Amino acid sequence: MLSERRLEVLRAIVQDYVGTEEPVGSKALTERHSLGVSPATVRNDMAVLEDEGFIAQPHTSAGRIPTDKGYRLFVDKLAGVKPLSSPERRAIQNFLDGAVDLDDVVARTVRLLAQLTRQVAVVQYPSLNRSTVRHVELLSLAPARLMLVLITDTGRVEQRMVDCPAPFGETSLADLRARLNSRVVGRRFADVPGLVQDLPESFELEDRGTVSSVLATLLETLVEETEERLMIGGTANLTRFGNDFPVIIRPVLEALEEQVVLLKLLGESKDSGMTVRIGHENAHEGLTSTSVVAVGYGSGDEAVAKLGVVGPTRMDYPGTMGAVRAVARYVGQILAES
């Protein structure tokens, strides 16, 4: 276990290195921070931190920089989450309130996160695996042709055409709409098949074929839409951090182009807590010089998807964690109200 003073020295090294991009020496630390000890004592503390693997000396400098292990201890023990200012919170709310639909919410969230953190922003669309049905609308387009509109609790809207085996009147359509919604509204997608399987039998014989066609289309829609989707933005921000990537930036950019990699980075959607993965904690080879800060968002207590940022390990962790958490909270509120 490190003493409180050595933890303070590590905190100061991380803060200075993140702020200046320059390796940190003992003299600079004692000048910038109220550590209450001499540069010689700080030098001794830094030697212990280096022996323990929390800081390292780059070839070209007498100063020290944090290692992945040092950043991990900083995030776990030393860094609080920096709250956003009132003007920042108002700006987030005003920007996201202007969204017209789910695609717009996701697009605005990506732009906002990239601007706030100056990192790469990644936002996962709400997963339909964890969604519930808000409403099913049925519209008559022709005597034997209907449109089915599925609306989820997260604001997602899916439209499908249904060709009926026989003409289907407005009275029958209204009856089907009412009975269908009474069974599925507020229910999870996975529960819907069992809830509607006997519905055709409750209709007149001549209408059962159409009712079965509508249900088949609805169930196909539920299956089709379980694929995970992402939106990414702000990759140009990485060019500001050229010195933070050991060789070249291309492996990072290539990794960010792979959706499977990004979904793994964000982690399981149902885990709504904040996750911070640093450097070599990221399994993908192209991302071992990056850190990922992610959190779940949703319209209720359970997360329906994740959002987060990817940037260099030399990251303002308290500020980034605060921004990611605040944006996730506002997106959740919008989904709940939409």
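Residues numbered from 1 in each chain as written. Predicted model: local features only at pLDDT ≥ 70, side-chain atom pairs only at ≥ 80, totals over all residues. Heavy atoms only, no water.

J.: Residues and numbers for the overall build of the protein, please.
T.: A count of helical and extended segments in the protein gives 12 helices and 10 strands. A compact globule built from 338 residues would reach a C-alpha radius of gyration of about 20 Å, whereas the protein, at 26 Å, exceeds it by more than 25%. C-alpha atoms of the protein, sized along the principal axes, occupy 90 × 40 × 35 Å. If you take every contact in the protein between residues at least 6 apart in sequence, the share linking residues at least 24 apart comes to 61%. If you sum the accessible surface of the protein, you get close to 16,200 Å²; carbon and sulfur atoms cover 50% of it. (Helix = DSSP H or I, 4+ residues; strand = E, 2+ residues; numbered from the N terminus. Rg over C-alpha atoms; globule rule 2.2 N^0.38 Å. Contact = heavy atoms within 4.5 Å. Areas by Shrake-Rupley, 256 points an atom, 1.4 Å probe, with all protein chains shown as cover.)

J.: Talk me through the nonpolar core; I want residue IDs and the actual numbers.
T.: One finds Leu-29, Tyr-297, Leu-307 and Tyr-317 to be the most contacted residues of the largest nonpolar core, which totals 59 residues. Counting residues per element, this core draws most heavily on helix H12 (residues 317-337), at 11 residues. Residues contacting Tyr-297, with those up to four places away along its chain left out, are Val-123, Gln-124, Tyr-125, Pro-126, Ala-303, Val-304, Ala-305, Lys-306, Leu-307, Ala-328, Val-331 and Leu-335. Residues Val-136, Phe-189, Val-192 and Leu-222 belong to the second largest nonpolar core, which totals 23 residues. (Core = buried A, V, L, I, M, F, W, Y, C linked by side-chain atoms within 4.5 Å. Buried < 20%, exposed > 50% of the residue type's maximum accessible area, 1.4 Å probe, protein only.)

J.: Describe the packing of helix H5 (residues 86-97) against helix H6 (residues 102-117), listing the residues and the values that go with them.
T.: Where H5 contacts H6, the two axes come as close as 9 Å, and the packing angle between them is 155°. Between H5 and H6, the angle falls in the class roughly antiparallel. As for how H5 packs across H6, the hand of that crossing is right-handed. Facing H5, whose interface residues are Ile-92, Phe-95 and Leu-96, H6 presents Val-105, Arg-108, Thr-109, Arg-111, Leu-112 and Leu-116. Tallied by class, the residues present in the contact of H5 with H6 amount to 6 nonpolar, 1 polar and 2 charged. (Axes fitted to C-alpha atoms, helices over the stretch in contact; angles between N-to-C directions. Parallel < 35°, antiparallel > 145°, perpendicular 65-115°, else oblique. Left-handed = near helix turned anticlockwise from the far one by under 90°. Nonpolar A, V, L, I, M, F, W, Y, C, P; charged D, E, K, R; others polar.)

J.: Go over the packing of aromatic side chains with me, naming the residues and quoting the values.
T.: Scanning the model with the defined rule gives 1 aromatic pair in all. The ring of Phe-54 has Lys-69 lying over it, and the distance from NZ or CZ to the ring centre is 4.6 Å. (Phe/Tyr/Trp six-rings, centres within 6.5 Å; stacked < 30°, edge-to-face > 60°. Lys NZ or Arg CZ within 6 Å of the ring centre and 35° of its normal.)

J.: Go over the side chain of Ser-26, please, and point to the residues and values.
T.: Considering the arrangement of structural elements, one finds Ser-26 in helix H2 (residues 26-32). Side-chain polar atoms of Ser-26 contact the side chain of Arg-43, separated by 3.5 Å. When near neighbours in sequence (up to four residues on either side) are disregarded, Ser-26 contacts Pro-39, Val-42, Arg-43 and Met-46. (Polar contact = N/O pair within 3.5 Å; in protein donor to acceptor, adjacent residues only side chain to side chain.)

J.: Account for the pattern of salt bridges, naming residues and giving values.
T.: Counted under the stated rule, the structure contains 16 salt bridges. The shortest N-O distance in the salt bridge between Arg-32 and Asp-16 comes to 2.9 Å. Pair noted here: Arg-32 is in helix H2 and Asp-16 is in helix H1 (residues 4-20), with a separation of 16 residues, a long-range link. Classification of Asp-16 by relative accessible area gives buried; the value is 8%. Note that Glu-281 is salt-bridged to Arg-72, the shortest N-O span being 2.7 Å. With Glu-281 in the loop between strand S8 (275-278) and strand S9 (290-297) and Arg-72 in helix H4 (residues 68-78), this pair connects stretches of sequence that are 209 residues apart. Judged by relative accessible area, which is 37%, Glu-281 ranks as partly exposed. Several salt bridges share partner residues, and in doing so they unite Arg-5, Arg-6 and Asp-45 into one network. (Salt bridge = Lys/Arg side-chain N within 4 Å of Asp/Glu carboxyl O.)

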